[in-house]
Amino acid sequence: MSDSYPLPKDWQHPLDPPPDYKRLRQEAPVCPVRMWDGKTPWLVSRYQDVLAVLSDPRLVLDSTLPGFPHISPSSSARQGRPLPFFLRPDAEYRVQRAMLVQEFLPRRMELLRPSIQRTVDAALDAMLAGPRPVDLMGAFALPVALQVICDLLGVPHAGAERLHVLSRTIGSRASSREEATQALVALDDFFLELVEANLREPTDTLIGRVVAEQVATGRLSAPDAASMFHSLFYAGHGPPAYMFGLGTLALLLDPGQLEKFREMEDPAAITAAVQELLRFINVSHLARQRVATVDVTIGGQLIRAGEGILAQPDSANRDETVFSDPDRLDLHREVHRHFAFGHGIHLCTGRALSLIEFEVVFKTLFQRIPTLRLAVPPEEVRFKKDENLLGVHELPVTWEPASLYSPR
Ligand code: HEM
């Protein structure tokens, strides 16, 4: 009988992928799994096979196809609503994605570094002025991630928390289809109003520019634009916020690596360290979903046109045939390629922005609070077990006030 998906995690080791992947990589690297709705897509667990799936343009992320492997009832709620651009049929997807390319160019993102630094510093000032212990997620990680994405898109800060709560309903495998639909409608309505406001009075923000160039000229409908911005908000704040928390946790749990990270000054070494944290943690830990549009053979297994595929990034990122001692965090490791941001045509739009956020956040946090430590035993940190993203409910931390360092 096939495994049911998602495979169970061992919550004693929450930063590690489900232990069964080790077995599957060796014994059944491409195997059918059972989904909540009875579908049986192919689970792909080896690095080389995940690479082959994500590199093949004939394996598409088109959720309108019947074989699309929805991970939960909440993820199927998007059907019948204006779909985010990346879940659309290929031709439409490419047109809409092209509308965003200019906005996310790495050199353009680099210009945001000073304002991201200011956001991080201000959030730390506020946190350090408050009581200890404190929940790092609520006092720092979430506010920073929300402010960065709101500033980029042009979303008013007031109300951003409500948008985050709605996003969590959509991203929870415990939400019913009805609950997810209500949250989707609320988010789409919010962004539709923002599109209309920008049509009336353009702003110099990402939303303002795309509305002026694409919506006002009739190339993109207002509901499709709202869905695009909604998905940018959704994808653009949760993964970074959760990664701020888990990256901090991973470093606090590994003092040797934390020491190495503190010593790093070369920007290239810091970027490489952040890439290793991404490989190790896999915030977006559930499968990259694809549908075969033709018959293909992956890892020796024939997959028929129309069948669903789940390419598993966290398993591939711990593949022992590619990474030596893969379950060890090694910030000096040369990570030549990992799948935390996906790969191929759907490679994460926000990766350049995210890397800057992580570099600034982790460097600043550990520089300004040299004695930062967990305020509870590690096994008491509560993980979000039902969400599509890997994250913690809270990260209680504390520090010695006398040790604080102020760069200004
Ligand atoms: C920790 C940070 C992040 C992680 C781990 C992450 C992860 C991913 C992954 C794995 C994919 C590929 C999906 C697939 O192939 O099926 C993806 C796509 C995407 N991400 Fe991110 N992401 C992050 C941050 C962001 C940010 C900050 C933004 C926007 C500002 C963003 C926007 C997107 C979009 C729009 C796509 C769809 C791209 C496409 O299909 O062409 N992400 N992300």
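Further up the page is the structure itself.
Model, not experiment: these values are computed from the prediction. (Residues numbered from 1 in each chain as written. Predicted model: local features only at pLDDT ≥ 70, side-chain atom pairs only at ≥ 80, totals over all residues. Heavy atoms only, no water.)

Colleague: Provide a residue-level description of the overall build of the protein chain, including the pertinent values.
Modeller: Counting secondary structure elements, the protein chain contains 15 helices and ten strands. Its C-alpha radius of gyration of 21 Å places the protein chain within 12% of the 22 Å reference for a compact globule of 408 residues. For the protein chain, buried positions account for 54% of its 408 residues. In the protein chain, of all internal contacts separated by at least 6 residues, the share reaching a separation of at least 24 is 72%. Surface accessibility of the protein chain: about 17200 Å² in total, with carbon and sulfur atoms responsible for 54%. Taking the 43 positively charged and 51 negatively charged side chains of the protein chain as two groups, their mean positions are separated by 2 Å. (Helix = DSSP H or I, 4+ residues; strand = E, 2+ residues; numbered from the N terminus. Rg over C-alpha atoms; globule rule 2.2 N^0.38 Å. Buried < 20%, exposed > 50% of the residue type's maximum accessible area, 1.4 Å probe, protein only. Contact = heavy atoms within 4.5 Å. Areas by Shrake-Rupley, 256 points an atom, 1.4 Å probe, with all protein chains shown as cover. Lys, Arg positive; Asp, Glu negative; His and termini not counted. Charge placed at Lys NZ, Arg CZ, Asp CG, Glu CD.)

Colleague: Describe unusual backbone geometry, and please don't skip the residues or the numbers.
Modeller: Between Tyr5 and Pro6 the backbone carries a cis peptide bond, its omega angle lying at -5°. Position of Pro6 relative to the elements: it lies in the segment before helix 1 (20-27). Going from Arg132 to Pro133, the amide bond is cis rather than trans, its omega being -15°. By secondary structure assignment, the location of Pro133 is in the loop between helix 6 (113-129) and strand 4 (134-135). Residues other than glycine seldom take positive phi values, yet Asn282 does so here, at roughly 55°. With respect to the secondary-structure elements, Asn282 resides in the loop between helix 13 (267-281) and strand 5 (288-292). Judged by its relative accessible area of 3%, Asn282 is buried.

Colleague: Can you explain the nonpolar core? Please cite residues and give values.
Modeller: Core analysis: the biggest nonpolar cluster contains 99 residues, and Phe140, Phe191 and Phe229 have the highest contact counts within it. Looking at this core, the element that brings in the most residues is helix 11 (residues 222-252), giving 16 residues. In contact with Phe140, other than residues within four places in its own chain, are Val120, Ala123, Leu124, Met127, Val361 and Leu365. One finds Val50, Ala311, Phe323 and Phe339 within the second-largest nonpolar core, a separate group that totals 19 residues. (Core = buried A, V, L, I, M, F, W, Y, C linked by side-chain atoms within 4.5 Å.)

Colleague: Before we move on, could you go through helix 15 (residues 351-368) and cite the residues and values that matter?
Modeller: For helix 15, which comprises 18 residues, the first-to-last C-alpha distance of 25 Å matches the rise-based estimate of 26 Å (1.5 Å per residue) to within 8%. For helix 15, a buried count of 15 out of 18 residues is recorded, marking the element as mostly surrounded by other parts of the structure. (Expected span 1.5 Å × (residues − 1).)

Colleague: I'd love a proper account of the packing of helix 10 (residues 206-215) against helix 11, names of residues and values included.
Modeller: Across the interface, helix 10 lies against helix 11 with an axial gap of 11 Å and an inter-helix angle of 155°. By the angle between their directions, the pair helix 10 and helix 11 is classed as roughly antiparallel. For helix 10 against helix 11, the interelement crossing comes out right-handed. Facing Leu206, Ile207, Val210, Val211 and Val215 of helix 10, the residues of helix 11 in contact are Ala222, Ala225, Met228, Phe229 and Leu232. The class makeup of the residues in the contact of helix 10 with helix 11 is ten nonpolar, no polar and no charged. (Axes fitted to C-alpha atoms, helices over the stretch in contact; angles between N-to-C directions. Parallel < 35°, antiparallel > 145°, perpendicular 65-115°, else oblique. Left-handed = near helix turned anticlockwise from the far one by under 90°. Nonpolar A, V, L, I, M, F, W, Y, C, P; charged D, E, K, R; others polar.)

Colleague: Give a detailed account of the site of the ligand, specifying residues and quantitative values.
Modeller: Close contacts around the ligand come from 25 residues, with Phe86, Tyr93, Arg290, His346 and Cys348 the closest. The separation between an oxygen atom of the ligand and a polar side-chain atom of His346 is 2.5 Å. Secondary structure elements with two or more residues in the shell around the ligand: helix 4 (90-98), helix 11, strand 5 and helix 15. The dominant element in the shell around the ligand, judged by the number of residues it contributes, is helix 11, at five residues. Partitioned by chemical class, the residues of the shell around the ligand number 16 nonpolar, six polar and three charged. (Near = heavy atom within 4 Å. Polar contact = N/O pair within 3.5 Å; in protein donor to acceptor, adjacent residues only side chain to side chain.)

Colleague: Requested: an account of the sheet that holds strand 9 (residues 373-374), with residues and values cited.
Modeller: With respect to topology, three strands assemble into an open sheet ordered 4-10-9, the strand pairing being antiparallel. Edge positions in the sheet fall to strand 4 and strand 9, since each of these pairs with one other strand and no more. (Pairing = 2+ DSSP bridges.)

Colleague: Report on the packing of aromatic side chains, specifying residues and quantitative values.
Modeller: Any two aromatic rings considered together are summarised by their centre-to-centre distance and by the angle between their planes. Overall, the coordinates contain nine aromatic pairs when judged by the stated rule. Both rings, one in Phe191 and one in Phe233, keep their centres 6.0 Å apart while their planes meet at 45°; by these two values the pair is tilted. Separated by 42 residues along the polypeptide, Phe191 in helix 9 (residues 177-200) and Phe233 in helix 11 bring together distant segments of the chain. Taking the relative accessible area as the measure of exposure, Phe191 reaches 0% and is therefore buried. Take Phe233: its relative accessible area is 0%, and that puts it in the buried class. Their ring planes at 85° and their centres at 5.8 Å tell us that Phe244 and Phe358 sit as a pair that is edge-to-face. One end of the pair, Phe244, is in helix 11; the other, Phe358, is in helix 15, with 114 residues separating them in the sequence. Of the residues examined, Phe358 reaches a relative accessible area of 3% and is grouped as buried. (Phe/Tyr/Trp six-rings, centres within 6.5 Å; stacked < 30°, edge-to-face > 60°.)

Colleague: With reference to specific residues and values, describe the pairing of strand 8 (residues 308-311).
Modeller: By the alternation rule, side chains of strand 8 split into Gly308 and Leu310 and Ile309 and Ala311, which are all buried. Relative to strand 8, strand 2 (residues 42-44) runs parallel, the two sharing three bridges. Looking at strand 8, one finds that Trp42 is bridged to Ile309. Examined bridge by bridge, strand 5 and strand 8 share four bridges and lie antiparallel to one another. In the strand pairing of strand 8, Arg290 is matched with Ile309.

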